[in-house]
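Residue-level structural notes
Letter by letter, the chains look like this.
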Amino acid sequence: MGVDPKFLSEMTKAGKTEVNIIPHEDLLKLNVVNNGQKKAVWTIEAIDDGIYLKGERETYHGINKFLLLCLNGGVALYAIFDPEGREREIMKMGAISLLIDGTPVPIAAHLSDGPKLVNGWINAMFTLNGELLNVIQRAATVGVAFQYTYGAPIFLGFDDMEFSEGAKMPGFLRACTRK
């Protein structure tokens, strides 16, 4: 079920007549409580034309995928998420942001493909420059937001995907930009 084995150690700290009450923050860290989101799983995978770094997470809103693809000596972001029946709305949304630690970074100008519906999921690809790659590399969490206007109080997409692969980015980027 994805619960950290340290949880069992915490539970055995109490004596037979005691109760060990674990704070909510610790229950989150131990993945006993997950607020409807499993931890992101990050992998480096290969395709015929190269490699990509993929983050994937299951949530009560569906699957979220954040892929960094090596393409023609550069890097692209490919975002995939469940539209939850709101695909027509998403297709009309022109304010698109990369979410870095919850802060929106506008990327609509970098859209190179999509958004489009593929097998029931929204797919969109963005070309990334060095500045955006640096921002992603330093991120603790990532996401993608589609809105009608920037600054709107709601969005469709996903946020707060833990980005544990930032330390691997320099090597990944070197592999991507080799000729």
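Above this text you will find the structure in question.
Residues numbered from 1 in each chain as written. Predicted model: local features only at pLDDT ≥ 70, side-chain atom pairs only at ≥ 80, totals over all residues. Heavy atoms only, no water.

**Thoughts on the sheet that holds strand E10 (residues 156-162)**
Within a sheet, neighbouring strands are paired by backbone hydrogen bonds and run either parallel or antiparallel to one another. With antiparallel pairing, 4 strands are arranged side by side in an open sheet as E6-E5-E9-E10. At either margin of the open sheet sits one strand with a lone partner, and together these are strand E6 (103-106) and E10. Within this sheet the neighbouring strands show an average axis-to-axis angle of 25°, counted without direction. (Pairing = 2+ DSSP bridges. Helix = DSSP H or I, 4+ residues; strand = E, 2+ residues; numbered from the N terminus. Axes fitted to C-alpha atoms, helices over the stretch in contact; angles between N-to-C directions.)

**Observations regarding the layout of surface pockets**
Considered as a void within the structure, the second largest pocket measures approximately 240 Å³ in volume. If you trace the second largest pocket, you find 16 residues lining it, with His61, Asn64, Glu84, Gly157 and Phe158 closest to the centre. Taken together, the residues of the lining of the second largest pocket break down into 6 nonpolar, 5 polar and 5 charged. (1 Å grid on protein atoms, 1.4 Å probe; cavity = no way out; pocket = protein on both sides within 12 Å on 5 of 7 lines; lining within 4 Å. Points joined across faces, edges and corners; volume = space filled by probe spheres on them. Nonpolar A, V, L, I, M, F, W, Y, C, P; charged D, E, K, R; others polar.)

**Describing the side chain of Lys54**
In this structure, Lys54 sits in strand E2 (residues 50-59). Note on Lys54: relative accessible area 14%, which makes it buried. Side-chain polar atoms of Lys54 contact the side chain of Glu56, separated by 3.2 Å. (Buried < 20%, exposed > 50% of the residue type's maximum accessible area, 1.4 Å probe, protein only. Polar contact = N/O pair within 3.5 Å; in protein donor to acceptor, adjacent residues only side chain to side chain.)

**Overview of the environment of Leu27**
Residue position: Leu27 is located in helix H2 (residues 24-29). For the pair Leu27 and Gly85, spaced 58 residues apart in the sequence, the C-alpha separation amounts to 32 Å.

**Notes on the state of the cysteines**
Applying the stated criterion across every chain yields a total of 1 disulfide. The residue that forms a disulfide with Cys70 is Cys176, at a sulfur-sulfur distance of 1.7 Å. Linking Cys70 and Cys176, the disulfide has an S-S dihedral of approximately -50° and is accordingly described as left-handed. On the criterion of sequence distance, the pair formed by Cys70 in strand E3 (residues 62-71) and Cys176 in helix H5 (residues 169-177) is long-range, its members being 106 residues apart. The exposure class of Cys70 is buried, given its relative accessible area of 12%. (Disulfide = S-S within 2.5 Å.)

**Things to note about H5**
The set of residues buried in H5 consists of Met169, Phe172, Leu173 and Cys176. The buried residues of H5 occupy one face: seen down the axis, they fall within an arc of 95°. (Arc of directions from axis to C-beta.)

**Things to note about the nonpolar core**
Core analysis: the largest hydrophobic core is formed by 36 residues, its most contacted members being Phe66, Leu68, Leu77, Ile136 and Phe146. Broken down by secondary-structure element, the contributors of at least two residues to this core are E3, strand E4 (74-81), strand E5 (95-100), strand E8 (121-128), helix H4 (130-137), strand E9 (141-147), E10 and H5. Those residues within four positions of Leu77 in sequence are excluded, and the remaining contacts are Phe66, Leu67, Leu68, Leu98, Ile107, Ala124, Met125, Phe126, Leu128 and Val144. Tyr52, Tyr78, Ile80 and Met125 belong to the second largest nonpolar core, which has 7 residues in total. (Core = buried A, V, L, I, M, F, W, Y, C linked by side-chain atoms within 4.5 Å. Contact = heavy atoms within 4.5 Å.)

Spatial relationships are all this shows, so hold off on functional conclusions.
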